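A look at the structure
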Amino acid sequence: QVQLVESGGGLVQPGGSLRLSCAASGFTLAHYAIGWFRQAPGKEREGISCISSKDGDTYYADSVKGRFTISTDSAKNRVYLQMNSLKPEDTAVYYCAADFDVQNMGPTFLQTVLASKTAYWGQGTQVTVSS
């Protein structure tokens, strides 16, 4: 079956680091663009980063730019999100999603994924940043 599974979340102190993993099965991520999203309780799901499989182009929201890094490992059919210098406001459930790679990486692509009924979504992994 086609699915995405996130892992790597957990509880960390402010300033700490985590690496999230998004594992794909039933399809190859090399043919898609991949985005990372997060949702805190009572808030809308927001796109924070994405990467194109065809040209490697990346995008980061201002809230995570300089602290998070998105990358892919084609051999393992995985996408990663390295999160450094974590802040309490980073606390959320983090999701990965894959959709057709048909536009430039940026907020427009992330919004397209959020509105799409055909994109593949994982079930999310909890990240909690607290002392």
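Look up: the structure comes first, before these words.
Everything in this summary refers to the structure shown in the same document. Note that the structure is predicted; figures quoted are calculated from it, not measured. (Residues numbered from 1 in each chain as written. Predicted model: local features only at pLDDT ≥ 70, side-chain atom pairs only at ≥ 80, totals over all residues. Heavy atoms only, no water.)

1. As for the environment of Gly8
Relative to the assigned elements, Gly8 resides in the loop between strand S1 (3-7) and strand S2 (10-12). Placed 11 residues apart in sequence, Gly8 and Arg19 show a C-alpha to C-alpha distance of 5.9 Å. Not counting the four nearest positions on each side in its chain, Gly8 is found in contact with Leu18, Arg19, Leu20 and Thr125. (Helix = DSSP H or I, 4+ residues; strand = E, 2+ residues; numbered from the N terminus. Contact = heavy atoms within 4.5 Å.)

2. A short note on the side chain of Arg38
One can find Arg38 in strand S4 (residues 32-39). Given a relative accessible area of 6%, Arg38 falls into the buried group. A distance of 2.9 Å separates polar atoms of two side chains, one belonging to Arg38 and the other to Tyr94. The contact partners of Arg38, leaving out residues within four places of it in the chain, are Glu44, Arg45, Glu46, Ile48, Ser63, Val64, Phe68, Glu89, Asp90, Ala92, Val93 and Tyr94. (Buried < 20%, exposed > 50% of the residue type's maximum accessible area, 1.4 Å probe, protein only. Polar contact = N/O pair within 3.5 Å; in protein donor to acceptor, adjacent residues only side chain to side chain.)

3. Observations regarding the nonpolar core
Judged by nonpolar contacts, the single largest core of 28 residues is most densely connected at Leu4, Leu29, Trp36, Phe68, Leu81, Met83 and Tyr94. Listed by contribution, the elements that provide at least two residues to this core are strand S3 (18-25), S4, strand S5 (46-52), strand S7 (68-73), strand S8 (78-83), strand S9 (92-100) and strand S11 (125-129). The residues contacting Leu81, other than those within four sequence positions of it, are Leu18, Arg19, Leu20, Trp36, Ile48, Ser49, Phe68, Thr69, Ile70 and Tyr94. (Core = buried A, V, L, I, M, F, W, Y, C linked by side-chain atoms within 4.5 Å.)

4. Digging into the packing of aromatic side chains
Evaluated as defined, the whole model comprises 6 aromatic pairs. Consider the rings of Phe27 and Tyr32, whose centres lie 5.1 Å apart with planes at 80 degrees: the pair is edge-to-face. Comparing Phe27 with Tyr32, the two get one shared label, buried. Relative to Trp121, the ring of Phe37 has its centre 4.7 Å away and its plane inclined at 50 degrees; by these criteria the two rings are tilted. With a gap of 84 residues between them, Phe37 in strand S4 and Trp121 in strand S10 (residues 120-121) connect regions that are remote in the sequence. Ring pairing ties together the aromatic residues Phe27, Tyr32, Phe100 and Tyr120, which thus form one cluster. Here Arg45 stacks its cationic end above the ring of Tyr95, 3.7 Å away from the centre of that ring. (Phe/Tyr/Trp six-rings, centres within 6.5 Å; stacked < 30°, edge-to-face > 60°. Lys NZ or Arg CZ within 6 Å of the ring centre and 35° of its normal.)

5. Looking at helix H1 (residues 107-115)
Considered for burial, the residues of H1 that qualify are Phe109, Leu110 and Val113. In an axial view of H1, the angular spread of the buried residues amounts to 100 degrees, which keeps them on one side of the axis. Exposed residues on H1 whose side chains face more than 90 degrees from its buried face are Thr108, Gln111 and Ala115. The inward-facing, buried residues of H1 abut S4, S5, strand S6 (58-60), S9 and S10. (Arc of directions from axis to C-beta.)

Geometric values such as these leave the question of function open.
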